[in-house]
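Architecture at a glance
So the chains spell out like this:
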Amino acid sequence: MKVVFMGTPVFAAEALRAVAAEHEVVCVYTQPPRPAGKGYKLTPSPVQVTAEELGIPVRCPTTLRTPEAQANFAALQADIGVVCAYGLILPQAILDAPAKGCLNIHASLLPRWRGAAPIQRAIQAGDTETGITIMQMDAGLDTGPMLLSESTPITATTTAAELHDRLMTIGCRLITQALNHLPQPIPQPAEGATYAAKLQKTEALIDWAQPAEQIERTIRAFNPVPTAYLMNGAERIKVFAAELAEPTTAPAGTVLDDTLRIACGHGTSLRLTHLQRPGKKPLPADEILKGWTLPKGTNLAV
RNA sequence: CGCGGGGUAGAGCAGUCCGGUAGCUUGCCAGGCUCAUAACCUGAAGGUCGGAGGUUCAAAUCCUCCCCCCGCAA
């Protein structure tokens, strides 16, 4: 089939690779190159890099609301659109342009976790499983009928990094299946819909008033991006992993000992096990403790 | 020229401002103690201080250029 692919991050780039392996991808839409990295250099999206590698034409419109943009899209005369973490709202005219509409690869078991950050929110909420859903896009936010889905477990140690990679693999497999067989879409259940709000930078600052269990989940959900962190004075310390520790009566945020054990809300505590100081590499606690520690008695919640 | 931090024994760090050939923790090796140990004691090995120039009687430390890593920001 003639496919138009729309996506931006690595997750989508792999999906593009999978689709292109079995179908004719006539054009790729992605976000324009943005300043990034040390030199603030314009950096093309992973999808753009992959598309160029595959020799597929790339378009980077900043909006799809204009008649010209929609006409350009329709002129491709694609059979179907595949959308995966694109980052632009698709107007009805775009959704309707391909003969078979547009399919979306979504990283959750719909209708749970519709929206921008399904992987992270599932971990943060303590879900024990999540998955990939392939759906037929409609006007709503991730509300379209579902063609295929597959679940995968979330354990007590699953990080967003790991889950992302696992879901990416599943996503590639399912989108290929969906394109090849075009299963009959079934409507999403009316019950159980939740929304995965976009990650805010401010959420990454650890709130010590929360119970240790909740903080630990957030740390896993935010690893590797945006990465949970704490402030030690002016020093911003990134936290990649932690484990639940013994109860305490100390106020939340108190550094309880010299081995990175910190008091959390409701009398709980957490021991940081993998962290990164500014300008340094991420290190396991036993390594970093050879030359540095958080001073006992410090209150990080201030 | 977006802003900033850093590269010193296998690992993690101090020392750099106020030049005088390097120190701490840990690891490693040998020995001791112990019922035993990731515990303790004793001893030993291990570093062209990121690279190249320059200043100096003398440079990890001051000056110039280069390489590499990282944070912010997107």
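Structure's up top.
All values derive from a computational prediction rather than experimental measurement. (Residues numbered from 1 in each chain as written. Chains lettered and ligands numbered in written order. Predicted model: local features only at pLDDT ≥ 70, side-chain atom pairs only at ≥ 80, totals over all residues. Heavy atoms only, no water.)

**Focus: the protein's contact with RNA strand B**
Going by this rule: What makes a residue near a molecule or strand is one non-hydrogen atom of that residue sitting within 4 Å of it. Two N or O atoms count as a polar contact when they lie within 3.5 Å, although within protein this holds only if one can serve as hydrogen donor and the other as acceptor, and sequence-adjacent residues are included solely when both atoms are side-chain atoms. Numbering of helices and strands runs from the N terminus; a helix is a DSSP stretch of H or I covering at least four residues, while a strand is a stretch of E covering at least two. Under the scheme applied, nonpolar residues are Ala, Val, Leu, Ile, Met, Phe, Trp, Tyr, Cys and Pro; charged residues are Asp, Glu, Lys and Arg; polar residues are all the others, including Gly.
Inspection of the region around RNA strand B gives 17 residues, with Gly37, Lys38, Tyr40, Lys201 and Glu287 positioned closest. Sugar plus phosphate, as a fraction of atoms of RNA strand B within 4 Å of the protein: 50%. A distance of 3.0 Å separates a base nitrogen of RNA strand B from a polar backbone atom of glycine 37. Within the backbone of lysine 38, one N or O atom sits 2.8 Å away from a base nitrogen of RNA strand B. Every element with two or more residues in the surface near RNA strand B is listed here: strand 3 (34–36), strand 13 (235–245) and helix 8 (285–288). Grouping the amino acids of the surface near RNA strand B by side-chain chemistry returns five nonpolar, five polar and seven charged.

**Things to note about unusual backbone geometry**
Geometrically, the link from leucine 110 to proline 111 is a cis peptide bond, its omega value of 15° lying close to zero. Inspection of the secondary structure assignment puts proline 111 in the loop between strand 7 (102–106) and strand 8 (114–115). Residue proline 224 is bonded to the preceding asparagine 223 through a cis peptide linkage, with omega at 10°. Position of proline 224 relative to the elements: it lies in the loop between helix 7 (212–221) and strand 12 (228–232). Not every positive phi belongs to a glycine, and tryptophan 113 is a case in point at roughly 60°. Its location among the elements puts tryptophan 113 in the loop between strand 7 and strand 8.

**Structural notes on the pairing of strand 15 (residues 269–276)**
Stated precisely, the cut-off is as follows: Accessible area is worked out with a 1.4 Å probe on protein chains only. A residue is then buried under 20% of its type maximum, exposed over 50%, and partly exposed in between. Strand pairing is assigned whenever DSSP identifies at least 2 bridges connecting the two strands.
A large share of strand 15 lies buried, amounting to six of its eight residues. Bridging between strand 13 and strand 15 involves seven bridges; their strand directions are antiparallel. Bridge assignment links leucine 244 to a residue of strand 15, and that residue is leucine 270. Hairpin connection from strand 14 (residues 261–263) to strand 15: five residues lie between these consecutive antiparallel strands, with histidine 266 at a positive phi of about 55°. When strand 15 meets strand 16 (residues 283–284), the two strands line up antiparallel, connected through two bridges. Looking at strand 16, one finds that leucine 275 is bridged to leucine 283.

These results come straight from atomic positions and should not be treated as a statement about function.
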